[in-house]
Amino acid sequence: MVNSMTGFASVAGEAGGYGWTWELRSVNARGLDLRLRLPDAVQTLEPQLRKLTGQALSRGNVTAGLRLEKATGSSDFGIDAEKFDQTMVLIRHLGERAATHGLTLAAPSATDLLTLRQLQESGDAEMSDILPAILEGFSEALEALVAMRGSEGAALRGVLDKSLDETARLVGAAEAVLPDRGAHARAQLGEALERLTGTADGVDPDRMAQELALIAVKADVTEEIDRLKAHLVAARDLLASSAPMGRKLDFLMQEFNREANTLCSKSQNVALTRVGLDLKTVIDQMREQVQNLE
């Protein structure tokens, strides 16, 4: 399956009196880079988040942000009556103990007591109780991100298939030009000799044949065309595979471009040069698309 590295997903939920929203964004990268933006209360989830991401994705710069807030209608904080009574008993005992040493302790104000976290209670769940729900929400967002990257990849697959078809057509066009190059080279050599000597009739035929043979060897593009055909087969095989193929296709595009460059440099023929330049254009377009693949 062809997957893109670009995508977006957002998943929201509620648990234990809290509302949360995950937002995941993914763009191109050489490897897998996960950047987390988490509230302090859920920092302990980071190892699990990285593990889940690594299992689902192999490449991409992924940013995962979590917004966490009290859900609408959730209960307000209050005072735990039992803990309050225990605290007051302790304060009274401390006052009596201090008096035996001639010390007087000031009685705590109501404001002082309200700031004691151990006296606070809430109808909402503890943060540790809702972490599994938040983690499950991340899994859902990650699944949605993978699906979007797959959808983007399917579109890219269609574009690349068309580009490969055009590349195959151009390779066939280059191959069709080859039979005419020999006669064209002979005519060009004769014209060059005539310009230099005034006539080509007195040239040794054997010498002419040797020069044409040397030109043919230097200008032979049979291997380049054969390699282009092999690269086409390899590219189609990669696109049909289920494994991530972005890096391999990127390397293959470099090989395509190398052969097209050599074809142009050896062409010595207007028609073949035109085909080579068209090949380079299509290959550059493919390479741009391949940069987006996982």
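Treat the numbers as computed from the prediction; the structure is a model and nothing was measured. Per chain, residues are indexed from 1 in the order of the written sequence. It should be noted that, the model being predicted, local features are given only for residues of pLDDT at least 70 and side-chain atom pairs only at 80 or more, the latter also being counted only at that level, while totals for whole chains, interfaces and linings use all residues. Just so you know, side-chain values use all the structure's heavy atoms and leave hydrogens and water out.

Student: Now, about the overall build of the protein: what can you tell me, with residues and values included?
Tutor: Of the regular secondary structure elements, the protein holds eight helices and six strands. Contacts are assigned to residue pairs with any non-hydrogen atoms lying within 4.5 Å of each other. Sequence-distant contacts in the protein: of pairs separated by 6 or more residues, those separated by 24 or more amount to 80%. To measure how exposed things are, a 1.4 Å probe is used in the Shrake-Rupley method; for residues, cover is taken only from the protein chains shown. Total accessible area on the protein is roughly 17100 Å²; 53% of this is exposed by carbon and sulfur atoms. Numbering of helices and strands runs from the N terminus, with a helix taken as a DSSP run of H or I at least four residues long and a strand as a DSSP run of E at least two residues long.

Student: Lay out the pairing of strand E2 (residues 18–27) in plain terms, naming residues and giving numbers.
Tutor: In the case of a regular strand, side chains alternate between the two sheet surfaces. Exposure categories follow from relative accessible area, calculated using a 1.4 Å probe and restricted to protein chains: below 20% of the type maximum is buried, above 50% is exposed, and the middle band is partly exposed. Counting buried positions over the ten residues of E2 gives seven, a clear majority of the element. Here nine bridges tie strand E1 (residues 7–15) to E2, and the two strands are oriented antiparallel to one another. Opposite Ala15, over in E2, you have Tyr18 as the bridge partner. Strands are treated as partners if at least two bridges between them are detected by DSSP. Between E1 and E2, which pair antiparallel in sequence order, lie two residues; one of them, Gly16, sits at a positive phi of approximately 60°. Here E2 pairs with strand E4 (residues 60–70) via ten bridges, running antiparallel. If you follow Trp20 over to E4, its bridge partner there is Leu68.

Student: For the side chain of Thr63, give the residues involved together with the corresponding values.
Tutor: Checked against the element boundaries, Thr63 lands in strand E4. Sequence-distant contacts of Thr63, that is, excluding residues within four places in its chain, are made with Glu23, Leu24, Arg25, Arg35 and Arg37.

Student: For the packing of aromatic side chains, give the residues involved together with the corresponding values.
Tutor: Any two rings among Phe, Tyr and Trp, with Trp reduced to its six-membered ring, count as a pair given centres within 6.5 Å; such a pair is stacked if its planes are under 30 degrees apart, edge-to-face if over 60, and tilted if neither. Taken as a whole and judged by the stated rule, the model has one aromatic pair. One Lys or Arg, Lys70, reaches over the ring of Tyr18 and ends 5.0 Å from the middle of that ring. Cation placement over rings: the criterion is NZ of Lys or CZ of Arg within 6 Å of the ring centroid and within 35° of the ring normal.

Student: For a nonpolar patch on the surface, give the residues involved together with the corresponding values.
Tutor: A contiguous nonpolar patch, built from Leu90, Leu94 and Leu105 and spanning about 290 Å² of accessible area, is present on the exposed surface. Here Leu105 lies in the loop between helix H2 (81–99) and helix H3 (110–114). A patch consists of residues exposed above 30% relative accessible area that lack any salt bridge, with like charges linked at up to 9 Å and nonpolar side chains (Val, Leu, Ile, Met, Phe, Trp, Tyr) linked at up to 5 Å. By definition, a salt bridge exists where a carboxyl oxygen of Asp or Glu is found within 4 Å of a side-chain nitrogen of Lys or Arg.

Student: If you had to explain the packing of helix H7 (residues 246–266) against helix H8 (residues 270–290) to someone new, which residues and values would you point to?
Tutor: At a minimum axis distance of 9 Å, the contact between H7 and H8 shows a crossing angle of 165°. On the basis of the axis angle, H7 is roughly antiparallel to H8. Considering only the axes of H7 and H8, their crossing is left-handed. Contacts between H7 and H8 involve Gly246, Leu249, Asp250, Met253, Gln254, Phe256, Asn257, Ala260, Asn261, Leu263 and Cys264 from the first element and Leu272, Thr273, Gly276, Leu277, Leu279, Lys280, Ile283, Asp284, Met286, Arg287 and Val290 from the second. Basically, the charged four are Asp, Glu, Lys and Arg, the nonpolar ten are Ala, Val, Leu, Ile, Met, Phe, Trp, Tyr, Cys and Pro, and anything else, Gly included, counts as polar. A breakdown of the residues in the contact of H7 with H8 according to their chemical character gives twelve nonpolar, six polar and four charged. Every axis corresponds to a line fitted to the C-alpha atoms, with the helix fit spanning only the stretch in contact, and the corresponding angles, defined between N-to-C directions, vary from 0 to 180 degrees. Note on terminology: angles under 35 degrees are roughly parallel, angles over 145 are roughly antiparallel, angles of 65 to 115 are roughly perpendicular, and the others are oblique. Throughout, a crossing is termed right-handed when the near helix is turned clockwise from the far one, and left-handed when it is turned anticlockwise from it by less than a right angle.

Student: An account of the nonpolar core is needed here, citing residue identities and associated values.
Tutor: Only buried residues count toward a nonpolar core, which is a set of Ala, Val, Leu, Ile, Met, Phe, Trp, Tyr and Cys residues joined through side-chain atoms within 4.5 Å. In terms of nonpolar packing, the biggest core is built from 30 residues, with Leu164, Leu249, Phe256, Leu263 and Leu279 touching the most fellow members. Every element with two or more residues in this core is listed here: helix H4 (127–197), helix H6 (222–240), H7 and H8. Apart from the residues within four sequence positions on either side, Leu249 is in contact with Ala235, Leu238, Leu239, Val290 and Leu293. Ranked by size, the runner-up nonpolar core spans 25 residues in total, among them Ala9, Val11, Leu49 and Met127.

Student: For the pairing of E4, give the residues involved together with the corresponding values.
Tutor: Relative to E4, strand E3 (residues 32–37) is paired through six bridges, and the arrangement is parallel. Each residue of the ladder has a partner; that of Leu36, found in E4, is Ala64. Note on the crossover from E3 through helix H1 (residues 46–56) to E4: the handedness is left-handed. By convention a crossover is right-handed if, when the strands point away from the viewer, the path from the first strand over the helix to the second runs clockwise.

Student: Requested: an account of the sheet that holds E4, with residues and values cited.
Tutor: Reading across from one edge, E1-E2-E4-E3 is the order of the four strands in this open sheet, with mixed pairing throughout. Lying at the two open borders of the sheet, with one neighbouring strand each, are E1 and E3. Averaged over all adjacent pairs, the angle separating strand axes in this sheet is 15°, with direction ignored. In the packing of H1 onto the sheet, contacts are made with E2 and E3, and the angle to E3 comes to roughly 145°.

Student: Quick rundown of the side chain of Asn269? Include the residues and the values.
Tutor: Take Asn269: it is sitting in the loop between H7 and H8. Look at Asn269 and you get buried, because its relative accessible area is 11%.

Student: Lay out the pattern of salt bridges with the relevant residues and their values.
Tutor: A full pass over the atoms with the stated rule returns 15 salt bridges. Notably, a salt bridge pairs Glu294 with Arg149, separated by 3.4 Å at the nearest N-O pair. Of the two residues, Glu294 sits in the segment after H8 while Arg149 sits in helix H4, which places them 145 residues apart along the sequence. A relative accessible area of 7% places Glu294 in the buried class. Owing to a relative accessible area of 1%, Arg149 belongs among the buried residues under this scheme. With a closest N to O distance of 3.5 Å, Glu223 and Arg227 form a salt bridge. Here Glu223 pairs with Arg227, and both are found in helix H6, just four residues apart, close to one helical turn. Salt bridges sharing partners connect three or more residues here, namely Glu223, Glu224, Arg227, Glu259 and Lys266.

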